[in-house]
Amino acid sequence: WTAGGIVIPNLSGCVSDNCTAPDELLIRVANKTKVSDGCTATLTITFEAEDECGNIAGGFTCTYIFIDDTAPVAPPAPAPLMVQCYDEVPAPGDLTADDNCQGPITVMGVDTDNNGAGCANDPLIITRTWTFDDGCGNVSNVSQTITVVDDIAPVWDFSCEIDTYYYTNGGADCPADAAISLNVGDVISVYDTWTAGGISIPNLSGCVSDNCTLPENLIIRVTGKTDDNASSCQQTLTITFEAEDECGNITGGFTCTYIFIDDTAPVTPPAPAPLMVQCIEDVPAPGDLTADDYCQGLITAIGVDSDNGGTGCADNELIITRTWTFDDGCGNVSYVTQTIKVLDDIAPVWDFACQIDQTYTTNGGADCPEDAEISLMIDDEISVFDTWTAGGIVIPNLSGCVSDNCTAPDELLIRVANKTKVSDGCTATLTITF
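Now for a description of the structure that goes with this document. (Residues numbered from 1 in each chain as written. Predicted model: local features only at pLDDT ≥ 70, side-chain atom pairs only at ≥ 80, totals over all residues. Heavy atoms only, no water.)

Our next topic: the overall build of the chain. Along its length, the chain carries 0 helices and 34 strands. Against the globule reference of 22 Å for 434 residues, the chain gives a C-alpha radius of gyration of 65 Å, more extended than a compact globule. Projected onto the principal axes, the alpha-carbon positions of the chain cover approximately 230 × 30 × 25 Å. Classification of the 434 residues of the chain by burial places 35% in the buried group. With an accessible surface of roughly 24300 Å², the chain has 52% of that area assigned to carbon and sulfur atoms. Across the chain, the centroid of the 11 positively charged side chains sits 5 Å from that of the 66 negatively charged ones. (Helix = DSSP H or I, 4+ residues; strand = E, 2+ residues; numbered from the N terminus. Rg over C-alpha atoms; globule rule 2.2 N^0.38 Å. Buried < 20%, exposed > 50% of the residue type's maximum accessible area, 1.4 Å probe, protein only. Areas by Shrake-Rupley, 256 points an atom, 1.4 Å probe, with all protein chains shown as cover. Lys, Arg positive; Asp, Glu negative; His and termini not counted. Charge placed at Lys NZ, Arg CZ, Asp CG, Glu CD.)

Right, let's get into the state of the cysteines. Here the structure, examined in full by the defined rule, presents 8 disulfides. One disulfide in the model links Cys-39 with Cys-136; its S-S distance is 1.9 Å. Handedness here is read from the sign of the S-S torsion; for Cys-39 and Cys-136, about -80°, the answer is left-handed. Of this pair, Cys-39 sits in the loop between strand E3 (26-36) and strand E4 (40-50) while Cys-136 sits in the loop between strand E10 (124-133) and strand E11 (139-148), and the two are 97 residues apart along the sequence. For the residue pair Cys-39 and Cys-136, the accessibility class agrees, reading buried in each case. (Disulfide = S-S within 2.5 Å.)

Turning our attention to the sheet that holds strand E26 (residues 333-342). The strand order across the open sheet built from 4 strands is E21-E26-E25-E24, with neighbouring strands paired in mixed fashion. Where the open sheet ends on each side, the last strands, each with one partner, are strand E21 (275-277) and strand E24 (304-307). Adjacent strand axes in the sheet meet at a mean angle of 30°, parallel and antiparallel pairs treated alike. As defined by bridge partners, E24 adjoins strand E25 (residues 318-327) across 4 bridges and the pair is classed as antiparallel. By the bridge assignment, Asp-307 is partnered in E25 with Ile-320. (Pairing = 2+ DSSP bridges. Axes fitted to C-alpha atoms, helices over the stretch in contact; angles between N-to-C directions.)

This part takes up the pairing of E26. Covered by surrounding structure in E26 are Ser-334, Val-336, Gln-338, Ile-340 and Val-342 only, the residues Val-333, Tyr-335, Thr-337, Thr-339 and Lys-341 on the alternate face being uncovered. Inspection of the sheet shows E21 paired to E26 by 3 bridges, in the parallel sense. Residue pairing across strands places Val-277 opposite Val-342, the latter belonging to E26. Bridge count for E25 against E26 is 10 bridges, and the pairing is antiparallel. Residue pairing for E26: Trp-324 is matched across the bridge by Val-336. From the end of E25 to the start of E26, which pair antiparallel, there are 5 residues, and Gly-329 there has a positive phi angle of about 80°.

Enumeration according to the criterion identifies 8 salt bridges in this entry. With a shortest N-O distance of 2.7 Å, Arg-128 and Asp-111 are connected by a salt bridge. Remark: Asp-111 occurs in strand E9 (residues 110-113) and Arg-128 occurs in strand E10; sequence separation between them is 17 residues. A relative accessible area of 2% places Arg-128 in the buried class. Residue classification places Asp-111 among the partly exposed residues on the basis of a relative accessible area of 35%. Members of the salt-bridge network, linked through shared partners, are Arg-28, Glu-48 and Glu-50. (Salt bridge = Lys/Arg side-chain N within 4 Å of Asp/Glu carboxyl O.)

What follows deals with the sheet that holds strand E13 (residues 163-167). Across the sheet, which stays open at both edges, the 5 strands sit in the order E13-E20-E19-E18-E14 with mixed pairing between neighbours. Two strands in the sheet have a free side with no partner beyond their single neighbour: E13 and strand E14 (187-188).

Let's shift gears to the nonpolar core. The biggest cluster of nonpolar side chains holds 27 residues, and the ones touching the most others in it are Trp-194, Ile-220, Phe-241, Tyr-258 and Phe-260. Ignoring sequence-local partners within four residues, the contact set of Phe-241 consists of Trp-156, Leu-182, Ile-188, Trp-194, Leu-204, Ile-220, Arg-221, Val-222, Thr-223, Gly-252, Gly-253 and Phe-254. Ala-366, Leu-398, Val-402 and Ile-414 belong to the second largest nonpolar core, which has 15 residues in total. (Core = buried A, V, L, I, M, F, W, Y, C linked by side-chain atoms within 4.5 Å. Contact = heavy atoms within 4.5 Å.)

Within the secondary structure layout, Ala-301 lies in strand E23 (residues 297-302). Spatially, the C-alpha atoms of Ala-301 and Tyr-191 are 49 Å apart, while their sequence positions differ by 110 residues.

What follows is the structure, given as structure tokens:
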């Protein structure tokens, strides 16, 4: 017979009788039992033997113990896996083994690792194990190796590189004073700002990324900065950064350029008040004025005159425009202008004490009264230094007899306005008016 699929040897030699031959004995199953916990089964069978005379002997019991000692048949192990970032490690998931006694056994993978950092010099090695236990002490395993190595450096978005002009009129520092608040070796985050020439520079958020490290965990390091010290009018500042991820992978070469330009004109002093004078000689010398420049300090300029070509007379006023030009040397210019008007409306002044009321006689060499004449005619023009004759007598010139507030005596035009002669033959009275 069989027990648990095993052929059991017969009872030949196991029972005998005094009269009946063994092969004529009747062997009867008196009882059988099975006790099982799923892993071990104990089968018992009890026989009795009866001879040809009906004599019976019982109590012959055989016990068969069946034990499950076969481990589950595991599925093929998943292929080894290499990823860059810990976040790329897939979830464990389930695998199913086939057990000869318990049927399909499904388990979830369990991870263990070497505590590596996941970097090129310290890989993170994860061992993912699926353990199939049939509950009878029979175990099989499948393992997968997952290696995490981040060897990719951060990536800069070079479209973020700043190449910008800043102007003093926009609040920037003067070129000579412009400086970057960071120094070589300084470390910042992508959310930190800094200043260049007093201007707050936007942070680097969105300008650098990494395959594994979050932007806020990147180390941004200053690797270089320069200034060209070109002039007090313009200066170019540059700063260069590198980005380092959590595995020490570094990408550099991200450079920002800031150009600072002085575009602020000097602050002029108040313009001198307009001036009205009679004579060109009364016009004061231009003199200096001083402006205050935002970057260059004090700038002193001398006034420069231009005019309308007028004569300074009532019918042709001379207008002088006096301009002080303050140039800071950076192309920024401011002006102060004064208007000076020259208008001579004061006539010459005669010294009437010079008026001649003189008597000349023929005994003194004068012409006879009938012949006496003045050598000048109405509308004749002379200077103060010219002389003339009256009745043959040379008359002294008018020097010292007339003056003007603006015109020099030798430039005055003396004109004969009138002359008369009254005579009775014995006396002639000649008059001349200038």
